[in-house]
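A look at the structure
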Amino acid sequence: MADPIPDHDSVSYHRKSFEGPDTVLSYIDFGGGGPPLVALHGHMNEGLFARRLAERFAREYRVIALDQRGHGESGRPASFDNDRYVADALALLDHLGIDHAVLLGHSLGGVVAYRLAARRPERVRALIIEDIGAAVDDDLGFAAEWPRRMPTREALIAALGRLGPAFAYSMRQYEDGWGLPFVPEDMIRSQQKLNGSHWDDWLATGCPALLLHGMRSSCLSYGQAEEMARSRPNTKLVHLDAGHTIHFDAPDRYLEEIEQFLTETGTHS
């Protein structure tokens, strides 16, 4: 597959792969000197979304980021059922011999994280959930209008409009032009499988959890975020001046809130 575009603020890392439950899974091991922090990206993203996270916490944590199925360098599977995503994340922990980890998830990755915790609570030390609810109802149909390839990176950024800059770091040069590391139709199907109520899974555990809500998000409402925090013990809610991708819109506050949460919960040891 194509290599990602170098990023001026990227950190050194090792990309590896293994045979997952039904497809090859790629992951990025950023290294680090502490317990594992496993990062799970959202739809239309990839493991490199965690590069700033890895840079910030290199001394305290070993940051590992999975390219979820159908994203990045991982294989394109037949199924996008959310249970398969959960099985992939668990398979990553098993592959690396990780008994328990802090799980961080954005959007799709957040649901995968708290659903994995619901099924295997002994494997999860804490949850960091970025802008996703316990009930999900979203539509990625707009991605079907995006071009598959463009002649230059700049042209692809422009074609994606306001979302172009957020996707720029993951754009790749393929044999037939510049593109993104996913198939839009797969993302639409995957989102459809994700939609629905996951309240039982959200409420199933009581490990420390940080819920980050983007005040300008169209994916998680203020009311649902408040209800999630009220309903689940040991949950800290922070409202931030950001959209759905808090790690991109407000990176400094994003990292500060995560650092404070990890320090307060003592998960660095």
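Use the structure listed above.
Note that the structure is predicted; figures quoted are calculated from it, not measured.

What follows covers the packing of aromatic side chains. The way to describe two aromatic rings as a pair is by their centre distance and the angle between their planes. With the rule as written, the count across this model stands at 8 aromatic pairs. Ring centres 6.0 Å apart and planes at 65° place the aromatic pair F18 and Y27 in the edge-to-face group. One exposure class covers both F18 and Y27, and it is buried. Relative to Y61, the ring of F57 lies with its centre 6.2 Å away and its plane at 85°, an arrangement referred to as edge-to-face. The class for F57 is buried, based on a relative accessible area of 3%. A connected cluster of aromatic rings, assembled from ring pairs, spans F142, W146, F167 and F182.

For the rest of this paragraph, the subject is unusual backbone geometry. One non-glycine residue, M44, adopts positive backbone phi at about 65°. Among the structural elements, M44 can be located in the loop between β3 (36-40) and α1 (51-56). Look at S107: it is not a glycine, yet its phi comes out positive at around 55°. Secondary-structure assignment places S107 in the loop between β5 (101-106) and α3 (108-119).

Its place among the elements puts S217 in the loop between β11 (209-214) and α8 (222-231). From its side chain, S217 meets the backbone nitrogen of C219 in a polar contact 2.9 Å long. Not counting residues up to four positions away in its chain, the partners in contact with S217 are D131, A242, G243 and H244.

Moving on, we come to the packing of helix α2 (residues 82-96) against α3. Close contact between α2 and α3 brings their axes to 9 Å; oriented N to C, the two are set at 70°. Between α2 and α3, the crossing angle belongs to the class labelled roughly perpendicular. Judged by residue contacts, N82, D83, Y85, V86, A89 and L90 of α2 engage L108, V111, V112, R115, L116 and R119 from α3. In terms of residue class, the contact of α2 with α3 is built from 8 nonpolar, 1 polar and 3 charged.

Here we take up α2. Over its 15 residues, α2 runs 22 Å from end to end, which matches the ideal 21 Å to within 8%, given 1.5 Å per residue. What α2 keeps buried is the set N82, Y85, V86, D88, A89, L90, A91, L92, L93 and L96. Immediately downstream of α2, the backbone of G97 shows phi near 65°, a positive value.

Quick notes on the rules
- Residues numbered from 1 in each chain as written.
- Predicted model: local features only at pLDDT ≥ 70, side-chain atom pairs only at ≥ 80, totals over all residues.
- Heavy atoms only, no water.
- Phe/Tyr/Trp six-rings, centres within 6.5 Å; stacked < 30°, edge-to-face > 60°.
- Buried < 20%, exposed > 50% of the residue type's maximum accessible area, 1.4 Å probe, protein only.
- Helix = DSSP H or I, 4+ residues; strand = E, 2+ residues; numbered from the N terminus.
- Polar contact = N/O pair within 3.5 Å; in protein donor to acceptor, adjacent residues only side chain to side chain.
- Contact = heavy atoms within 4.5 Å.
- Axes fitted to C-alpha atoms, helices over the stretch in contact; angles between N-to-C directions.
- Parallel < 35°, antiparallel > 145°, perpendicular 65-115°, else oblique.
- Nonpolar A, V, L, I, M, F, W, Y, C, P; charged D, E, K, R; others polar.
- Expected span 1.5 Å × (residues − 1).

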